[in-house]
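Given next are the chains, with one letter for each unit.
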Amino acid sequence: MTAMQRTTGRDFSLALQSTYGTFSPSPGLTVEYTEEPLADSTPKSYVDGAPRTLVTHKGHRVTFKFDRSGPAAERMWSRVEADYFAGVAQADWTATMRIRNPNGSVATKSYTLGALEKLSQSPAGGDATVEQTLQFFFGLLATG
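Reading the values: rules and limits
- Every chain is numbered on its own, with residues counted from 1 as its sequence reads.
- Restriction of local features to residues with pLDDT of at least 70 applies here, the model being predicted, together with a cutoff of 80 or more for giving and counting side-chain atom pairs; totals for whole chains, interfaces and linings are based on all residues.
- For side-chain calculations, the full set of non-hydrogen atoms in the structure is used, while hydrogens and water are omitted.
- Among the buried residues, those of types Ala, Val, Leu, Ile, Met, Phe, Trp, Tyr and Cys that are joined through side-chain atoms within 4.5 Å form a nonpolar core.
- Classification of residues uses two cut-offs on accessible area relative to the type maximum, computed with a 1.4 Å probe and protein chains only: under 20% is buried, over 50% is exposed, and between them is partly exposed.
- Strands here mean DSSP runs of E at least two residues long; helices mean DSSP runs of H or I at least four residues long; both are numbered from the N terminus.
- Every residue pair with non-hydrogen atoms within 4.5 Å of one another is taken to be in contact.
- Aromatic pairs are defined between Phe, Tyr and Trp rings, using the six-membered ring for Trp, whenever the two ring centres lie within 6.5 Å; interplanar angles under 30 degrees are classed as stacked, those over 60 as edge-to-face, and all others as tilted.
- For two strands to pair, DSSP has to find at least two bridges joining them.

Considerations on the nonpolar core
Working step 1: Ranked by internal contacts, the top residues of the largest apolar core, which has 22 residues, are L14, W93, L116 and F136.
Working step 2: Listed by contribution, the elements that provide at least two residues to this core are β1 (12-18), β4 (51-67), α1 (72-85), β5 (93-100), β6 (106-121) and β7 (131-143).
Working step 3: The contacts of L14, once residues within four sequence positions are left out, are F23, S24, P25, Y33, F64, A95, T96, M97 and F136.

Pasting the structure below:
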């Protein structure tokens, strides 16, 4: 192991589970993955005159762009849309992300109480890769 080894995009995998089924893009088809903790911060001045900041944690936003390698994502998204148009609340999602570290160990993060949003799908034509971007809002993060 050298100091130059690092985690790459191929070292990440994401699996989503809910009553809609399980979805996990095939390894090597990940185009982009970002995770962002959500929080509000409010500056306060207490009676002692010292300034303090109140931070309220609001879960995580995870955006996942991937090559569309099959119909799994579309089937899953159709079920979410069918529930929406039938007036049924979207079922909670759980996302499990696995990261292979440069030293060979594996770290796991699980996000629970999630909701799914489809942000975009790239145009299809010729030999261009068709990509989809999904976004997940998760209320809780539990590391494993």
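Next, the rest of the story.
Notes on the packing of aromatic side chains
Working step 1: Per the stated rule, a full pass over the model turns up two aromatic pairs.
Working step 2: Taking 5.6 Å as the distance between ring centres and 25° as the angle between the ring planes, the aromatic pair formed by Y20 and W93 counts as stacked. One end of the pair, Y20, is in the loop between β1 and β2 (21-23); the other, W93, is in strand β5, with 73 residues separating them in the sequence. Each member of the pair, Y20 as well as W93, is classed as buried.
Working step 3: Ring centres of Y84 and F85 lie 5.0 Å apart, and the angle between their planes is 80°; this geometry places the pair in the edge-to-face category. F85 shares its class with Y84; the two are exposed.

Section: the pairing of β1
Working step 1: Relative to β5, β1 runs antiparallel, the two sharing six bridges. When the sheet's bridge partners are listed, S13 is paired in β5 with R98.
Working step 2: In terms of strand pairing, β1 meets β2 through three bridges, oriented antiparallel. For L16, the partnering residue across the bridge sits in β2 and is F23.
Working step 3: Connecting the antiparallel pair β1 and β2 is a turn made up of two residues.

Regarding the side chain of T63
Working step 1: Along the polypeptide, T63 turns up in strand β4.
Working step 2: A residue is classified by how much of its surface remains accessible, and T63, at 16% relative accessible area, is buried.
Working step 3: Residues within four places of T63 in sequence aside, it is in contact with E32, Y33, T34, L119, T133, L134 and Q135.

Describing the environment of F136
Working step 1: Within the element layout of this structure, F136 appears in strand β7.
Working step 2: Expressed as a C-alpha distance, the spacing of F136 and F64, which sit 72 residues apart in the sequence, is 8.3 Å.
Working step 3: Ignoring anything within four residues of it in the chain, the contact list for F136 reads L14, L16, H60, R61, V62, F64, A115 and L116.

Focus on the environment of L38
Working step 1: Mapped onto the elements of the fold, L38 is located in strand β3 (residues 30-45).
Working step 2: Once the C-alpha coordinates of L38 and F138 are considered, the two residues, 100 residues apart in sequence, prove to be 9.5 Å apart.
Working step 3: Those residues in contact with L38 that lie beyond four places of it in its chain are T56, H57, K58, G59, H60, R61 and F137.

In short, shape yes, function no, at least from these values alone.
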